[in-house]
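Notes for the structure review
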Amino acid sequence: MKNKLSLLSLLLAVIVLLASCNINIKVDDVNGGDVNVNINTTPGDATESTTPEQTTPEVTTPPEVTTPPEETTPPVEIVIPVPTKELTSVFILAGETSIEQLAAAELEKHLAIKGVAVGEGGFPITLSIDSSLGDDCYRIEGAANVTEEQTGDEYLNIIGGNGRGVFYGVVRFLEEYAGTRFFTYELETHTADPVAIPEMVLVEYQPVFEYRYTSWYAMTKDPLFCLKSGMNGNHGGITEDLGGHISYGSGLGVHTLGWLTETTYPYPGYAPNPCLALNTPEGQANLEKVIKNVRAVLEKDPTVNIVSVSQNDTEDHCECENCLAIEKEEGSPAGVLLRFVNAVAENLEADYPNLIIDTLAYKYTRKAPTVTKPRENVCIRLCSIECHFNHPLTTEKCSVCSAFRNDMVEWSKICDNIYVWDYTTDFSYYISFFPNLHVLRENMQFFADHNVKGMFEQGNGQGLSGEFGELRAYLLAKLMMYPYMTEEEYSAHMDEFLAAYYGAGWKNIRSYIDQVSSLAILGDGHTIYHQPFTSVNDNFYRVIEDGVTKWWDAAEEMAGDRLEYVQRSRLHWRYMQLMLHPNAKKAEELIAEVEGLGMAWREGRYHVDLEKSNLNKSPGTWTYY
């Protein structure tokens, strides 16, 4: 397929030189079928293109026209406006907990920006907690006299199942009725429309995912923004005064078997996984150590919600006669681990009835066992690390995604407590565009459909993004809160963010995202460590390069006070151009800007080793430290 794409791309390059960049091409999809792709690189033409369906289009001959078509009058859409009451002044009454008071302060702040006065005699808004609703749930209810003729009590109640639920309800009210948007920790916007509510108000929310967190720097930079975005994970800095978070406990987040079994190894999380067969003296000794060490953590901090008893970050695991016999019986090495974890969970259950014991389905343990099922107080955290992230997990046309999907389905048959550790960046190429924005919504719905109760979306948490990290963090947060949003709603969220974040030229950037995404979904599988030309062939980039550059030029020219954001996201395009056309002078300029902003080039690597790197070669060949 690659040779075919290369020949097509070179031919297209000639066409581009002779005509406008408005091209129709036919390429192989991920399963061998033909797909038409339109490459439109006219700057400023922000087409609302969608990812082409991965099927072979049917070719038909249009019918012969013998008479002119009959003129018809298009139907007139009648829109009946919903009567609303404009709020010009409000009186806010909130509970005394720190999070309820914070929610009230946030509500007052944003209403004041909209010109709504706060004080005695205003429209009454009450914030309160009702634990019967459930953690992180909320209910917004109220009534308003929208006409002069109406009389009766007016009120608005925002009720949360806990403190976070109250705060989430306030955010929803501000978004729904005040036109407020929380895009990043430093960018919040408000429409010019008045704050208005309908005659009857009823909004109810119960989270699909009980655990929601993404490690993108744009999210973790500020705990309050993390809370506003609906996150409740254990690394977002959401302290008790902000409503608290779901805690894994100190040192019990992931890859814990090393230190829990007291492995004498410099880096316990990477030590070979120990024997876990419970019918052996070694397995029983390891069980006793794990229980002892977990209990020690819980005694120090009884507020811990989850502890992870999970394999070390290595494929090296015990292959003794007993472990292999269990693997054979279970049809997967996960059976050995799960029996061990179940034993830990059974020991702790009586003393810690609300505690969940978490373990991984990761690499060699990803396949579900056929005999043993997780106990009710056990959570399986399934990891998508091997997947092709430019392809939707639901596609039948990618064997790698299909394999993961099948494992997810099998786990969902035996476990009601599934968390997912998902990956949303290229850890070897932080600066380049990771083309996965077009599959995030579909993937999130797939997780929601298969008993997943918790989502961790791992991203670039090591510094500012040189591509679309801010956009991705925003969209992921929205999807974790509302995984069943429609494609139209998802697209609208993206457009709103782009317009607010990048300024008047945002449509050029949307065109770029759509263009590369439509090519990426057809390309080879892109993992979290692949070089950028994996999913979109470098010859395709050469074909569209001039047009894409014009898009970014136009976006900069129209950015206004958003120029900094446009230029920062454009760093990835400059990086890609250096991969296409290495140039030492331009490389020096890019390195200075990237490192001046404190960005990471790849996981844990913030600097280019200038002594070991030839800047006249592609950035993919540079040495980083």
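Analysis parameters
Residues numbered from 1 in each chain as written. Predicted model: local features only at pLDDT ≥ 70, side-chain atom pairs only at ≥ 80, totals over all residues. Heavy atoms only, no water. Core = buried A, V, L, I, M, F, W, Y, C linked by side-chain atoms within 4.5 Å. Buried < 20%, exposed > 50% of the residue type's maximum accessible area, 1.4 Å probe, protein only. Helix = DSSP H or I, 4+ residues; strand = E, 2+ residues; numbered from the N terminus. Contact = heavy atoms within 4.5 Å. 1 Å grid on protein atoms, 1.4 Å probe; cavity = no way out; pocket = protein on both sides within 12 Å on 5 of 7 lines; lining within 4 Å. Points joined across faces, edges and corners; volume = space filled by probe spheres on them. Nonpolar A, V, L, I, M, F, W, Y, C, P; charged D, E, K, R; others polar. Pairing = 2+ DSSP bridges. pLDDT = per-residue confidence, 0-100. Salt bridge = Lys/Arg side-chain N within 4 Å of Asp/Glu carboxyl O. Axes fitted to C-alpha atoms, helices over the stretch in contact; angles between N-to-C directions. Parallel < 35°, antiparallel > 145°, perpendicular 65-115°, else oblique. Left-handed = near helix turned anticlockwise from the far one by under 90°.

**A closer look at the nonpolar core**
- One finds L127, F173, V309, F447, Y512 and W601 to be the most contacted residues of the largest nonpolar core, which totals 177 residues.
- Broken down by element, the residue count for this core peaks at 10 residues, all from helix α9 (residues 334-349).
- Ignoring sequence-local partners within four residues, the contact set of F447 consists of F209, L393, F404, M408, V420, D422, V452 and M455.

**Some thoughts on empty space enclosed by the protein**
- Per the counting criterion, the structure on display carries seven cavities of 30 Å³ or more.
- There is about 150 Å³ of room inside the largest cavity.
- As for the largest cavity, its lining consists of 13 residues, of which V171, E175, K228, S229 and K478 are closest to the centre.
- Only α3 (163-177) and α12 (469-481) provide two or more residues apiece to the lining of the largest cavity.
- Among the residues making up the lining of the largest cavity, the classes are represented as seven nonpolar, two polar and four charged.
- In this structure, the second largest cavity spans a volume of roughly 120 Å³.
- Split by residue class, the lining of the second largest cavity holds nine nonpolar, four polar and one charged.

**A short note on the environment of P302**
- Its location among the elements puts P302 in the loop between α7 (281-300) and β14 (306-308).
- By relative accessible area, P302 is classed as exposed at 60%.
- Residues P302 and Y352, spaced 50 residues apart in sequence, show a C-alpha to C-alpha distance of 8.6 Å.

**Considerations on the pairing of strand β9 (residues 180-184)**
- The buried count for β9 comes to four of five residues, which makes it a mostly enclosed element.
- Of the strand pairs in this sheet, β9 and strand β10 (residues 187-190) are connected by four bridges, and their pairing is antiparallel. Bridged to T184 within β10 is L187.
- Where β9 hands over to β10, the hairpin turn is made up of two residues, counted between the paired strands.

**As for the sheet that holds strand β12 (residues 200-205)**
- Overall, mixed pairing links the six strands, which are arranged β5-β4-β6-β8-β7-β12 in an open sheet. Each having just a single partner strand, β5 (117-118) and β12 make up the two edges of the open sheet.

**What about the confidence of the model for the protein?**
- Predicted confidence across the protein gives a mean pLDDT of 90, with 88% of residues reaching 70 or more.
- In the predicted structure, residues 1-69 sits below a pLDDT of 50 and forms 118 contacts with residues beyond four places in sequence or in another chain.

**Some words on the environment of M231**
- Following the sequence through the fold, M231 ends up in the loop between α5 (223-228) and α6 (257-260).
- Through-space distance from the C-alpha of M231 to that of M219 is 8.9 Å; in sequence the pair is 12 residues apart.
- The contacts of M231, once residues within four sequence positions are left out, are Y168, R212, Y213, T214, M219, C226, I238, A477 and M480.

**Some words on the pattern of salt bridges**
- Taken as a whole and assessed by the stated rule, the structure comprises 30 salt bridges.
- Residue R570 is joined to D553 by a salt bridge in which the shortest nitrogen-to-oxygen separation is 2.9 Å. Taken together, the residues R570 in helix α16 (residues 563-580) and D553 in helix α15 (residues 538-557) connect sequence positions 17 residues apart.
- What makes D553 partly exposed here is its relative accessible area of 32%.
- One salt-bridge network, in which partners are shared between bridges, spans E106, E188 and K228.

**Topic: the sheet that holds β14**
- Ordered by their spatial adjacency, six strands build an open sheet running β13-β18-β17-β16-β15-β14, and the pairing between neighbours is parallel. Only two strands of the sheet have a single neighbouring strand rather than two, namely β13 (211-214) and β14. Sheet twist, expressed as the average angle between the axes of neighbouring strands with direction ignored, equals 25°.
- Relative to the sheet, helix α11 (residues 440-448) contacts β17 (418-423) and β18 (452-458), its axis offset from that of β18 by approximately 150°.

**Overview of the side chain of H388**
- Relative to the elements of secondary structure, H388 occurs in the loop between β16 (378-383) and α10 (399-414).
- Residues in contact with H388, not counting those within four places in the same chain, are C398, V400, C401, G525, H526 and T527.

**Section: the packing of α11 against α12**
- Two numbers describe how α11 lies on α12: the axes approach to 10 Å, and their chain directions differ by 30°. The angle between α11 and α12 places the two elements in the roughly parallel class. The two elements α11 and α12 meet at a crossing, and its hand is right-handed. Of the residues in α12, those in contact with L440, R441 and M444 of α11 are R472, L476, L479 and M480.
- A breakdown of the residues in the contact of α11 with α12 according to their chemical character gives five nonpolar, no polar and two charged.

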